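Examining the three-dimensional arrangement
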Amino acid sequence: MRKRFLRLAGVASVAGLAILAAVPAISQGGSAPPVRYTIDAGTISGMGAMGANGGGGLNSAMAMMRGGGNQVAHELRLRLGSSQAPAGDPKADHFIPQGMRMGASLPLVTPRQVTGTQEYTPGQMPTGRLLLFWGCGEHAGPGQPVVIDFSKLARGQVPPGLYAQSLNLPEDWSITSANSKTFGEWPNERDPKPVPGNASLLGTQRIASTYAPEISFELANDFMSALRPSTADAAGGAVNLSWNSVPTATGYYAWVMAMNPDQSGQPRDMVWWTSSSTQQFGGPMWDWLSPSTVQKLITAKTVMPPSQTSCTIPAEVREQGGPFMMTNLYAYGPQADFSYPVRPANAARSWQPDWIARVRFRANAMVMHGMPGMSDFGASSESSEEAQPAQQGQELPRCKGLSGIAKRAAGLCQ
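Conventions adopted
Residues numbered from 1 in each chain as written. Predicted model: local features only at pLDDT ≥ 70, side-chain atom pairs only at ≥ 80, totals over all residues. Heavy atoms only, no water. Phe/Tyr/Trp six-rings, centres within 6.5 Å; stacked < 30°, edge-to-face > 60°. Helix = DSSP H or I, 4+ residues; strand = E, 2+ residues; numbered from the N terminus. Lys NZ or Arg CZ within 6 Å of the ring centre and 35° of its normal. Salt bridge = Lys/Arg side-chain N within 4 Å of Asp/Glu carboxyl O. Buried < 20%, exposed > 50% of the residue type's maximum accessible area, 1.4 Å probe, protein only. Disulfide = S-S within 2.5 Å. Pairing = 2+ DSSP bridges. Polar contact = N/O pair within 3.5 Å; in protein donor to acceptor, adjacent residues only side chain to side chain. Contact = heavy atoms within 4.5 Å. pLDDT = per-residue confidence, 0-100. Axes fitted to C-alpha atoms, helices over the stretch in contact; angles between N-to-C directions.

The next point concerns the packing of aromatic side chains. Using the criterion set out here, one finds six aromatic pairs in the structure. Here the aromatic rings of phenylalanine 217 and phenylalanine 338 are separated by 4.3 Å at their centres, their planes lie at 20°, and the arrangement is stacked. Here phenylalanine 338 lies in strand β15 (residues 325–340) and phenylalanine 217 lies in strand β9 (residues 215–219), a separation of 121 residues in the sequence. By the ring-pair criterion, three or more aromatic residues cluster together here, those being Trp255, Trp272 and Trp286. Between arginine 362 and the ring centre of tryptophan 288, over which it is positioned, the NZ or CZ distance is 3.7 Å.

Enumeration according to the criterion identifies eleven salt bridges in this entry. In this structure, the salt-bridge partner of arginine 77 is glutamate 75, at a minimum N-O distance of 3.9 Å. Take arginine 77: its relative accessible area is 36%, and that puts it in the partly exposed class. The salt bridge involving arginine 206 is made with glutamate 214; its shortest N-O contact spans 3.2 Å. Classification of arginine 206 by relative accessible area gives partly exposed; the value is 29%. Owing to a relative accessible area of 47%, glutamate 214 belongs among the partly exposed residues under this scheme. Three or more residues are tied together by salt bridges with common partners; here these are Asp40, Asp287 and Arg360.

Turning our attention to the state of the cysteines. Under the criterion given, the structure shown has one disulfide. Residue pairing for cysteine 136: its cysteine sulfur links by disulfide to cysteine 311, the two sulfurs lying 1.9 Å apart. Because the sign of the S-S torsion sets the handedness, a value of about -105° for the bond joining cysteine 136 and cysteine 311 places this disulfide among the left-handed ones. Within this pair, whereas cysteine 136 is found in the loop between β5 (129–134) and β6 (146–149), its partner cysteine 311 is found in strand β14 (residues 310–313), the two being separated by 175 residues in sequence. Relative accessible area serves as the criterion here: at 36%, cysteine 136 is assigned to the partly exposed category.

Here the focus is the pairing of strand β13 (residues 270–274). In terms of burial, β13 is largely enclosed, as five of its five residues are buried. On β13, burial covers both faces: Met270, Trp272 and Thr274 on one face and Val271 and Trp273 on the other are all buried. As judged from the five bridges shared by β5 and β13, these two strands associate in the parallel manner. Its bridge partner lying in β13, phenylalanine 133 is registered against tryptophan 273. One ladder, built from five bridges, connects strand β12 (residues 251–259) with β13; its direction is antiparallel. Among the inter-strand pairings, methionine 259 is bridged to a residue of β13, identified as methionine 270.

Residue proline 187 follows tryptophan 186 across a cis peptide bond; omega there is 5°. Structurally, the position occupied by proline 187 is in the loop between β7 (182–186) and β8 (203–209). The step from tyrosine 340 to proline 341 runs through a cis peptide bond, and the omega angle for that step is -5°. One non-glycine residue, arginine 101, lies in the positive phi region at around 60°. Among the structural elements, arginine 101 can be located in the loop between β3 (92–95) and β4 (105–107). Positioned with a positive phi, lysine 301 is a non-glycine residue whose angle comes to about 65°. Following the sequence through the fold, lysine 301 ends up in the loop between α6 (291–299) and β14. Residue lysine 301 is classed as exposed on the basis of its relative accessible area, which comes to 57%.

Bringing the side chain of asparagine 188 into the picture now. Tracing the chain through its elements places asparagine 188 in the loop between β7 and β8. Within polar-contact distance, the side chain of asparagine 188 engages the backbone nitrogen of arginine 190 at 3.2 Å. If sequence neighbours within four positions are ignored, asparagine 188 has contacts with Pro107, Leu108 and Val109.

Summing up the model confidence of the protein chain, the mean pLDDT is 78 and the portion of residues at 70 or higher is 67%. Confidence drops under a pLDDT of 50 for residues 1–14, and excluding neighbours within four residues, the segment shows 33 contacts in the predicted structure. When the criterion is pLDDT under 50, residues 401–412 qualifies, and its contacts beyond four places in sequence or with other chains add up to 43 contacts.

Hydrogen bonds between backbone groups are what pair the strands of a sheet, and the pairing can be parallel or antiparallel. In space, the three strands of this open sheet follow the order β10-β11-β14, with antiparallel pairing throughout. Of all strands in the sheet, those with a lone pairing partner are β10 (230–233) and β14, marking the two edges. On average, adjacent strands in this sheet sit at an angle of 20° to one another, irrespective of strand direction. Bridging between strand β11 (residues 239–242) and β14 involves four bridges; their strand directions are antiparallel. Residue pairing across strands places leucine 241 opposite cysteine 311, the latter belonging to β14.

Before going further, it helps to examine the environment of phenylalanine 338. With relative accessibility at 21%, the residue phenylalanine 338 sits in the partly exposed group. Between the C-alpha atom of phenylalanine 338 and that of tyrosine 37, which follows or precedes it by 301 residues, the distance is 9.5 Å. Among residues more than four places away in sequence, those in contact with phenylalanine 338 are Phe217, Glu218, Leu219, Trp355, Ile356, Ala357 and Val359.

And the structure:
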């Protein structure tokens, strides 16, 4: 259901992957401790919440088209990396508080090694162009848009000066199978169950494995409050984006993907806009960011401060991207750090604990500006028969254009 509805999201993902090679990488300086553990906890609202919590059905689809209603879901990413080899087969479990409502523990599975590399075929690369806009305001600033031709990008021809500043974040680090002798993660193929919307992280977190010492700490931070963004047309063709203030937010970042099809319904140019005052797209901005990193990005005017709760999407974005805009908003949150032994107040540079653990939080929401709600279907240019669910045995009408994505998800057309 969600995949069919978010066709535009899939195009956005491919477009993002196509230019990630040009994004400055996050550096990870310093030597890593023997054992590292990370918890990335997210609160999802709007359209994204439907797929995250396993929801479905006509009512959910209709609520999703109106911005997701009151749906809230949670996401959790657990990563354990160790410099040790396992004692026997690799096995690890994260024993969770009762408030998580997911049983006693979550298995951290070591992925199977896959040989060879996956190559992109020409069919996987979008055709056409990507137009990049940035900055809050009624109109786009000078030098916009930056135009990326996908056919040139596939040949490694990146436009000069694509990124106005470097995102060198030396204090950030991540755990992967590549930088760990033994690695475990959740969710995984063995246990892909969703996190309940009413789950709570508060309480004791304990991680036991065959390749690391036991990790245990008390977590006093819970999932962040949900974002409730809304969009509204403004004078001159711009779009006003506004949202509620999230109490624990350290900063906000918004981006829009739009695609204006031609008369036959085929995609033309894609448009990507971000709220950053400089040319920053994707990369670490889609990740969980530490408060110190967010503060640097606020100073650089890449991230909006926590006091800001509105931003105007320029008229040129709407003009070039068409009426339907997939709008994403991120609220970066707090971070909790743990280690054993506990880090001394004036730790020497050579101080090395047995393990370190980091818990990061964020909230994000997705809404589709310009997507009609259920009450708008009858006012569309299509026939009223297309706006009604088909009776049993009756063939569904064909979906048309981007609005048809929503109707297909609701079971109103095919």
